[in-house]
Amino acid sequence: MSISSAPFGVTRSGVPVTAYTLANSHGCKAVVLDFGGTVQSLIVPDRDGQPVDVVLGYDSVEEYERGSCYYGAFVGRYANRIQGSRFPLEGAEVRLTPNEGRNHLHGNFCFEVYDAAVEGDSLVLRRTSPDGEDGYPGAVTLTITYTLTEQDGLVLDYQAATDRTTVINLTNHAYFNLSGHASGTALDTVLQLNASRITEMDGESIPTGVIRDLAPEDPFNFTVPKPIARDIEADDPQLRFGGGYDHNFILDLPSLETPVAAAVSPRSGILMDVYTTQPAVQFYSANYVQDDPVGHGKGGIVYPRRGGFCLETQHYPDSPNHPEFPSTLLRPGEGDHQVTEYRFSISD
């Protein structure tokens, strides 16, 4: 394992940004920015041993600041959506900054520069989110650790603590295309999700509270591997709401020992297994990347609609407004610790 660093530009406010390259002995490389904790590049050998960059992204800080897709970003204070940008907490109403119509989406962690340190074989990013940032109560200390293993896994370790009761939901928003970020759509990717339920959503992508059990013929059922394309145009109101898949899948058994998801490209042979401690994963089929104001990605490549897919391990969307969902409360003295690994190999 080796970790090197290089300048990556300057933010619009004049803060320098550094890119850290994590490399193992098998030809895998991950480039992580201290801006937004962003996974800017992830190089994996294909079945022929050729290097393939399997994540979408940009070539400059300016593009990451201007873009709308959250490519590769560390997301928080609350990943996904909170309805009406408000929720009850300890007898009062918390009001957040609306940033998607009247709703609150993700927060601003992806636009901040973090304190970075190389500790052993890992890159560690730290920051304190101040009390009141985006409207959230409590100062939250964050420690995000990135490790590239000799087993070709990228491990993301998130720890958070607060001085006042708040909510927390952290994830990474990488868009994967296992055939290569410049290879067109990812619709031929064969996906398996060990999730037999989803949270249904309304036209604003907000959970209705309905938990949908997935029958074998349900277009959302990926318990048996199938290409993303197979049912994406099915006549289903949920698919129409999302413009495709953009839903919270409830994991049958979160695990760091057994994959909760697996995706493989028939073109490159690259297989990605996902492991996590989180209770759910947002599967997003990149239905709106074509609307990104930047207009292009790395190397000037114009990413098409559904040119990638996200598997964002998380708690449920809008949980603070749904007491029946797993709690996302973070209290003083408790701490939150979540781990996700994306592990790569070649499919048989």
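This text follows the structure it describes.
Please read all numbers here as calculations on a predicted model, not as lab measurements.

### What about the pattern of salt bridges?
And step 1. Within this structure, the stated rule accounts for 19 salt bridges.
And step 2. Linking R81 and E100 is a salt bridge whose minimum nitrogen-to-oxygen distance equals 2.7 Å. Pair noted here: R81 is in strand β7 (residues 78-82) and E100 is in the loop between β9 (92-95) and β10 (104-106), with a separation of 19 residues, a long-range link.
And step 3. A relative accessible area of 10% means that R81 is categorised as buried.
And step 4. Judged by its relative accessible area of 28%, E100 is partly exposed.
And step 5. A salt bridge links R95 to E93, with the shortest nitrogen-to-oxygen separation between them at 2.9 Å.
And step 6. Residue R95 is classed as exposed on the basis of its relative accessible area of 54%.
And step 7. Within the structure, one salt-bridge network assembled from shared partners comprises E200, R212, D218 and D236.

### Here we look at the packing of aromatic side chains
Two descriptors summarise a pair of aromatic rings, namely the distance from one centre to the other and the angle between the planes of the rings.
And step 1. Under the counting rule described, the total for this entry stands at 18 aromatic pairs.
And step 2. Here F74 and F109 contribute two aromatic rings whose centre-to-centre distance is 5.9 Å and whose plane-to-plane angle is 25 degrees, an arrangement assigned as stacked. Residue F74 is found in strand β6 (residues 74-75), and its partner F109 is found in the loop between β10 and β11 (115-119); the two are separated by 35 residues along the sequence. For the pair F74 and F109, a shared accessibility class is recorded, and that class is buried.
And step 3. In textbook terms, an aromatic cluster arises when at least three aromatic residues are bridged by ring pairs, as seen for Y58, Y64, Y71, Y175, Y284 and Y303.
And step 4. Over the aromatic face of F222 sits the side chain of K226, whose NZ or CZ is 4.5 Å from the ring centroid.

### A short note on the pairing of strand β13 (residues 140-148)
Sheet faces and side chains relate simply in a regular strand, where the side chains alternate between the two faces.
And step 1. The element β13 is extensively covered by neighbouring structure, given that seven of its nine residues are classed as buried.
And step 2. Bridging between β13 and strand β14 (residues 153-162) involves nine bridges; their strand directions are antiparallel. From the neighbouring strand, T141 faces β14, where its bridge partner is A161.
And step 3. Hairpin connection from β13 to β14: four residues lie between these consecutive antiparallel strands, with D152 at a positive phi of about 65 degrees.

### Section: the sheet that holds strand β5 (residues 51-53)
And step 1. Strand order in the open sheet formed by five strands is β1-β2-β3-β4-β5, with antiparallel pairing between adjacent strands. Pairing within the sheet leaves two strands with one partner each, and these edge strands are β1 (2-10) and β5. Direction aside, neighbouring strands of the sheet carry axes that sit 20 degrees apart on average.
And step 2. Where strand β2 (residues 16-23) meets strand β3 (residues 29-33), five bridges bridge the pair, whose relative direction is antiparallel. Bridge pairing in β3 links A23 to K29.

### Topic: unusual backbone geometry
And step 1. Here the residue pair G76 and R77 is connected by a cis peptide bond, since its omega of 20 degrees sits within 30 degrees of zero.
And step 2. Phi at Y70 takes a positive value of approximately 60 degrees, unusual for a residue other than glycine.
And step 3. Checked against the element boundaries, Y70 lands in the loop between α1 (61-66) and β6.
And step 4. Positive phi values are uncommon outside glycine, yet R306 reaches one of about 65 degrees.
And step 5. Tracing the chain through its elements places R306 in the loop between β24 (280-284) and β25 (310-314).

What counts, and where the lines are drawn
Residues numbered from 1 in each chain as written. Predicted model: local features only at pLDDT ≥ 70, side-chain atom pairs only at ≥ 80, totals over all residues. Heavy atoms only, no water. Salt bridge = Lys/Arg side-chain N within 4 Å of Asp/Glu carboxyl O. Helix = DSSP H or I, 4+ residues; strand = E, 2+ residues; numbered from the N terminus. Buried < 20%, exposed > 50% of the residue type's maximum accessible area, 1.4 Å probe, protein only. Phe/Tyr/Trp six-rings, centres within 6.5 Å; stacked < 30°, edge-to-face > 60°. Lys NZ or Arg CZ within 6 Å of the ring centre and 35° of its normal. Pairing = 2+ DSSP bridges. Axes fitted to C-alpha atoms, helices over the stretch in contact; angles between N-to-C directions.

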